[in-house]
Amino acid sequence: MILRSLLLSLAAIACLADDAPLPSAPEATPAYWERPDVQAFIDEMATQHGFDRAALVQQFAQIAHKPNILAVLDKPSTSRPYHAFRPDFVNDTRLRLGVAYWQANAPLLQAVSDQYGVEPEYLVAILGVETLWGRNTGSFRVMDALGTIAFDYPRRADFFRKELREFLLLARDEQADPFEFKGSYAGAMGAPQFMPSSFHAYAADWDKDGRHDIWNNQGDILASVANYFVQHGWQRGEPLLVPATVEGDGYAPLVADKFNLHYKVSELAAFGVRPAEPLNGDPLAVLAPLEHEPGVTRYWLGLANFYAITRYNRSTHYAMAVHELAQRIKAAYHDPSLLPKVEAPKRKPAKPKKRSGKRRK
Ligand SMILES: [Ca+2]
């Protein structure tokens, strides 16, 4: 789960790989292990968590500073309306790949879904939106990504030092070399793109082999995502959202507070917000306005499961795209006639044969 505050431009993230060209030649700076702030961090890991100080110094000597990560962090964030965001994730390619992933993992998906109570289509869709089902999990060494941000990006230093600490702990728990781990430019790892703190809290060991392999083991991957949703309040079988009507302008505070489940549906009426379809009971809900077409905003009441997806990634665009992709994948999985046709590559017209008298070699 990439932090929304870091999710500046999806295009930038898609393009940023560890072999991206550097914006400028890096200045000569001391290696990380030589810096007092890094030495203080190493001391803390040694005294509070029992790490071997000399081994940590050796590891920090191997961390490579990544200026291209800092360049992305400094780019101004861009915000696109939903109708512009949607096609990147809800499209024929992801629909086909999502159905193929479900078909390839059907018994496992069913077992994880049964155990955790999270519908399979949402497990499939999250992995599609995050990493194209494990195809784009990031090419940075997590040590380089976290080290660079933790020690060279003061605005987020506290958060990323905490993530770096969690990461060193998880590498030790997994009995793995921390330099073996690859992730996104922000250190998000594996098919579900868990930050180290989320890995610590939610990664699951489905096959009970002692490892939480969110890179390659589909059971661990799916159970980890399901566990994340359950721990954030997922309710089996409940709708994610219902359309809403709004009156007046009293609903503005709800839009500003759309990532917090504060109000029951009955309480939203005081803000001029009502469900446009009948609901079971009186659940908690957030108000999510989405511009589905240019100039056409629709209002939705996001219920507990919608909220859970926004905990995965703090964006109503993201949550709605996951929902729409999930629904399309589910429909096409059960009815393959809904799968988009794969167009055969167009053949080039054959070149007319030369009729000159010259003989070709
Ligand atoms: Ca495992």
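Note that the coordinates shown come from a computational prediction; the quantities given were computed from them, not determined experimentally.

### Examining the nonpolar core
The biggest cluster of nonpolar side chains holds 91 residues, and the ones touching the most others in it are Leu123 and Val322. When residues of this core are assigned to their parent elements, the largest contribution, nine residues, is made by helix H16 (residues 316-334). For valine 322, the contacting residues outside a window of four places in its chain are Tyr122, Ala125, Ile126, Val129 and Ile309.

### Considering the environment of valine 230
Considering the arrangement of structural elements, one finds valine 230 in helix H12 (residues 218-231). For valine 230 and asparagine 305, which are 75 residues apart along the polypeptide, the C-alpha to C-alpha distance reads 9.2 Å. Each residue touching valine 230, except ones within four places of it in the same chain, is listed here: Tyr116, Gly117 and Val118.

### Re the sheet that holds strand S4 (residues 263-264)
Pairing is antiparallel across the open sheet formed by five strands, whose spatial order is S4-S6-S7-S3-S5. In the strand order of this sheet, the two ends are held by S4 and strand S5 (273-275), each with one partner. With two bridges joining them, S4 and strand S6 (residues 284-293) adopt antiparallel strand pairing. By the bridge assignment for S6, tyrosine 263 is matched with alanine 285.

### Digging into helix H10 (residues 157-173)
The end-to-end C-alpha distance of H10 is 24 Å, a good match for the 24 Å that 17 residues give at a rise of 1.5 Å each. Where H10 is concerned, the buried positions are Phe160, Arg161, Glu163, Leu164, Arg165, Phe167, Leu168 and Leu170. Within two residues after H10, glutamine 175 carries a phi angle of roughly 55°, on the positive side.

### Concerning the packing of helix H15 (residues 304-312) against H16
Running from amino to carboxyl end, H15 crosses H16 at an angle of 120°, the nearest separation of the two axes being 8 Å. For the element pair H15 / H16, the angle class is oblique. Read as a crossing pair, H15 and H16 show a hand that is right-handed. Two secondary-structure elements touch here, H15 through Phe306, Ile309 and Thr310 and H16 through Thr316, Ala319 and Val322.

### Here's the deal with unusual backbone geometry
Unusually for a residue other than glycine, leucine 132 sits at a positive phi of about 55°. As for its position among the elements, leucine 132 is in the loop between helix H8 (120-131) and strand S1 (140-141). For leucine 132, a count of 17 C-beta atoms within 10 Å corresponds to the partly exposed category. At glutamine 175, a residue that is not glycine, the phi angle is positive and equals roughly 55°. Turning to its location among the elements, glutamine 175 is positioned in the loop between H10 and strand S2 (182-183).

### So, the pairing of strand S7 (residues 296-302)
Across four bridges, the pairing between strand S3 (residues 241-246) and S7 is antiparallel. Residue proline 243 lies in a different strand from S7, and its bridge partner there is tryptophan 300. Once S6 ends, the chain turns through two residues before running back antiparallel as S7, passing glycine 295 with a positive phi of about 80°.

### Here's the deal with the packing of helix H9 (residues 142-152) against H10
The contact between H9 and H10 brings their axes to 8 Å, and the two run at 150°. Judged by the angle between their axes, H9 and H10 are roughly antiparallel. In this structure, the crossing between H9 and H10 has a hand that is left-handed. For the pair H9 and H10, the contacting residues are Val142, Leu146, Gly147, Ile149 and Ala150 in the first and Ala157, Phe160, Arg161, Glu163, Leu164 and Phe167 in the second.

### A few points about the environment of valine 273
Relative to the helices and strands, valine 273 is located in strand S5. For valine 273, a count of 23 C-beta atoms within 10 Å gives the class buried. Setting aside anything within four residues of it in sequence, one finds valine 273 in contact with Ala244, Val246, Tyr251, Leu254, Leu268 and Leu287.

### So, the pairing of S6
The two faces of a sheet get side chains in turn, since along a regular strand they alternate between them. As defined by bridge partners, S6 adjoins S7 across seven bridges and the pair is classed as antiparallel. Considered in S7, the bridge of glutamate 293 is made with valine 296.

### Focus: the confidence of the model for the protein chain
Caution is warranted with low-pLDDT regions, since their predicted coordinates should not be read in detail. Chain-level pLDDT for the protein chain is 90 on average; 88% of the residues reach the 70-or-more range. A low-confidence stretch, residues 2-15 (pLDDT under 50), is modelled with 22 contacts involving residues beyond four sequence positions or located in other chains. Predicted confidence for residues 356-361 stays below pLDDT 50, and this span has zero contacts to residues more than four positions away or in other chains.

### Details of helix H2 (residues 36-49)
Between its first and last C-alpha, H2 extends 19 Å over 14 residues, near the 20 Å set by a 1.5 Å rise per residue. Among the residues making up H2, those that are buried are Val38, Phe41, Ile42 and Met45. The buried residues of H2 occupy one face: seen down the axis, they fall within an arc of 100°. Facing away from the buried side of H2 by over 90 degrees, the exposed positions are Pro36, Asp37, Ala40, Thr47 and Gln48.

Rules used throughout
Sequence order as written defines residue numbering, which begins from 1 separately in each chain. In view of the model being predicted, local features appear only for residues whose pLDDT reaches at least 70, and side-chain atom pairs are presented and counted only at 80 or more, with totals across whole chains, interfaces and linings using the full set of residues. For the purposes of this analysis, a nonpolar core is taken to be any set of buried Ala, Val, Leu, Ile, Met, Phe, Trp, Tyr and Cys residues that are connected through C-beta atoms within 7 Å. Three exposure classes are used, based on other C-beta atoms lying within 10 Å of a residue's own C-beta, which is placed from the backbone: buried for 20 or more, exposed for 12 or fewer, and partly exposed in between. Secondary structure elements are defined from DSSP: runs of H or I of at least 4 residues count as helices, runs of E of at least 2 residues count as strands, and each element is numbered from the N terminus. For every residue pair, C-beta atoms are placed from the backbone, and the pair is scored as a contact if these atoms sit within 7 Å. We treat two strands as partners when DSSP finds at least two bridges between them. By definition here, a helix of n residues has an expected span of 1.5 Å times n minus one. Note on definitions: angles span 0 to 180 degrees between N-to-C directions of axes, and those axes are lines fitted to C-alpha atoms, for helices only across the stretch in contact. For classification purposes, angles smaller than 35 degrees are called roughly parallel, those larger than 145 roughly antiparallel, those between 65 and 115 roughly perpendicular, and all remaining angles oblique. Note: crossing handedness is left-handed where the near helix turns anticlockwise from the far helix by less than a right angle, and right-handed where it turns clockwise. The quantity known as pLDDT measures the predictor's confidence residue by residue, on a range of 0 to 100. An arc is given here, and it is the one of the directions from the helix axis to the C-beta atoms.

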